[in-house]
Amino acid sequence: MLEILNDRQLVDSYKNGNVDSFNLLLERHQNKVFSYILMLVKDRQLADDIFQDTFLKIIRTIKAGAYKEEGKFIQFAMRIAHNLIIDHFRKSNRLPMADSVNKDYDIMDNVRLSDPSVEDSMVNEQVYADLRKMIDNLPDEQKEVVNMRMYADMSFKEIAEATNVSINTALGRMRYALINLRKMAEEHNLTLTLNNF
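Residues numbered from 1 in each chain as written. Predicted model: local features only at pLDDT ≥ 70, side-chain atom pairs only at ≥ 80, totals over all residues. Heavy atoms only, no water.

Of the regular secondary structure elements, the chain holds 8 helices and 0 strands. In sequence order, the chain lays out its α and β elements as α-α-α-α-α-α-α-α. Looking at the 197 residues of the chain, the share that counts as buried comes to 42%. Partitioning the contacts of the chain with sequence separation of at least 6, the portion at a separation of at least 24 is 60%. Looking at the chain as shown, the accessible area adds up to about 11700 Å², and 49% of this sits on carbon and sulfur atoms. (Helix = DSSP H or I, 4+ residues; strand = E, 2+ residues; numbered from the N terminus. Buried < 20%, exposed > 50% of the residue type's maximum accessible area, 1.4 Å probe, protein only. Contact = heavy atoms within 4.5 Å. Areas by Shrake-Rupley, 256 points an atom, 1.4 Å probe, with all protein chains shown as cover.)

In structure tokens, the structure reads:
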């Protein structure tokens, strides 16, 4: 009956020695955390490594009694993943590349549209491609917020927690990102309208 427990209760249960509780936490959140990591590092093997490190660090933090219930478990997990990604790029002395290095995986390919016509599909594909290019040209802080909001489906509170900034800063970055995206769309005469979306 672990399934009926919320995340906080599962963490408490895991602290008391129930490994199944942690397995359920992992099952609940692995897709969101992994998608976020992969979206930023653009390399499936590296994403797997960082994902494993994220949950190992979560286990160590909980076992050490250092886990504080300051929000949702997912915010805690995303913050750890985010910090590990930053650590990786600092160590390798490079920032994440904006273009899709890994052509096998693109989070936009996972978007499902409801039974569009062939023409609609082609238009939508072009819009997504144009939007991806424009997002890639945003300053890093704005790009990060847009990716977390649009593709990792995080709330502004979760984004603020994961990036260690205030909610107002996260909102401001999103606002500037949207302004910049509109400017880019106007400069390139693009219409960012999705059919059947």
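Contact geometry of helix H1 (residues 7-15) with helix H3 (residues 44-63) gives a least axis separation of 10 Å together with a crossing angle of 70°. In terms of their interaxial angle, H1 and H3 are classed as roughly perpendicular. Seen from H1, the contacting residues are Val11, Tyr14 and Lys15; seen from H3, they are Ile59, Ile62 and Lys63. Of the residues that constitute the contact of H1 with H3, the class distribution is 4 nonpolar, no polar and 2 charged. (Axes fitted to C-alpha atoms, helices over the stretch in contact; angles between N-to-C directions. Parallel < 35°, antiparallel > 145°, perpendicular 65-115°, else oblique. Nonpolar A, V, L, I, M, F, W, Y, C, P; charged D, E, K, R; others polar.)

Packing of H3 against helix H4 (residues 73-91) leaves a shortest axis separation of 9 Å and a crossing angle of 125°. Relative to H4, H3 is oriented oblique. Along this stretch, H3 crosses H4, giving a crossing that reads as right-handed. Note on element contacts: H4 touches H3 through Phe73, Phe76, Ala77, Ile80, Ala81, Leu84, Ile85 and His88, opposite Leu46, Ile50, Asp53, Thr54, Phe55, Lys57, Ile58, Thr61 and Ile62. Its residues assigned to classes, the contact of H3 with H4 shows 12 nonpolar, 3 polar and 2 charged. (Left-handed = near helix turned anticlockwise from the far one by under 90°.)

The predicted model of the chain has a mean per-residue pLDDT of 78, with 76% of residues at 70 or higher. Mean pLDDT per element in the chain: helix H5 (residues 118-136) is the minimum at 69, and H3 is the maximum at 91. (pLDDT = per-residue confidence, 0-100.)

Pairing between side chains becomes possible if they bear opposite charge and their charged atoms approach one another. For the structure shown, the criterion picks out 5 salt bridges. Residue Asp12 is joined to Lys15 by a salt bridge in which the shortest nitrogen-to-oxygen separation is 4.0 Å. Of this pair, Asp12 and Lys15 both sit in helix H1, 3 residues apart, which is roughly one turn of that helix. Residue Asp12 is classed as partly exposed on the basis of its relative accessible area of 32%. As a salt-bridge pair, Glu161 and Arg79 come within 2.6 Å of each other at their nearest N and O atoms. One end of the pair, Glu161, is in helix H7 (residues 156-163); the other, Arg79, is in helix H4, with 82 residues separating them in the sequence. Residue classification places Arg79 among the buried residues on the basis of a relative accessible area of 19%. (Salt bridge = Lys/Arg side-chain N within 4 Å of Asp/Glu carboxyl O.)

Excluding glycine, residues mostly have negative phi values, and the peptide bonds linking residues are mostly trans. The backbone phi angle of Lys42 is positive, close to 60°, even though this residue is not glycine. By secondary structure assignment, the location of Lys42 is in the loop between helix H2 (19-41) and H3. Its relative accessible area of 19% is what places Lys42 among the buried residues.

Okay, the nonpolar core next. Val33, Ile37, Ile58 and Phe73 are the most contacted members of the largest nonpolar core, which totals 52 residues. The element that contributes the greatest number of residues to this core is H2, accounting for 11 residues. Excluding residues within four positions of it along the chain, Phe73 makes contact with Asp7, Val11, Leu25, His29, Phe55, Ile58, Ile62 and Tyr67. (Core = buried A, V, L, I, M, F, W, Y, C linked by side-chain atoms within 4.5 Å.)

Let us look at the packing of aromatic side chains. Throughout the structure, instances matching the rule amount to 7 aromatic pairs. On the numbers, 6.1 Å between centres and 75° between planes, the contact of Phe22 with Phe55 is edge-to-face. Linking Phe22 in helix H2 with Phe55 in helix H3, this pair joins segments that are 33 residues apart in sequence. For the pair Phe22 and Phe55, a shared accessibility class is recorded, and that class is buried. Both rings, one in Tyr67 and one in Phe73, keep their centres 6.4 Å apart while their planes meet at 55°; by these two values the pair is tilted. (Phe/Tyr/Trp six-rings, centres within 6.5 Å; stacked < 30°, edge-to-face > 60°.)

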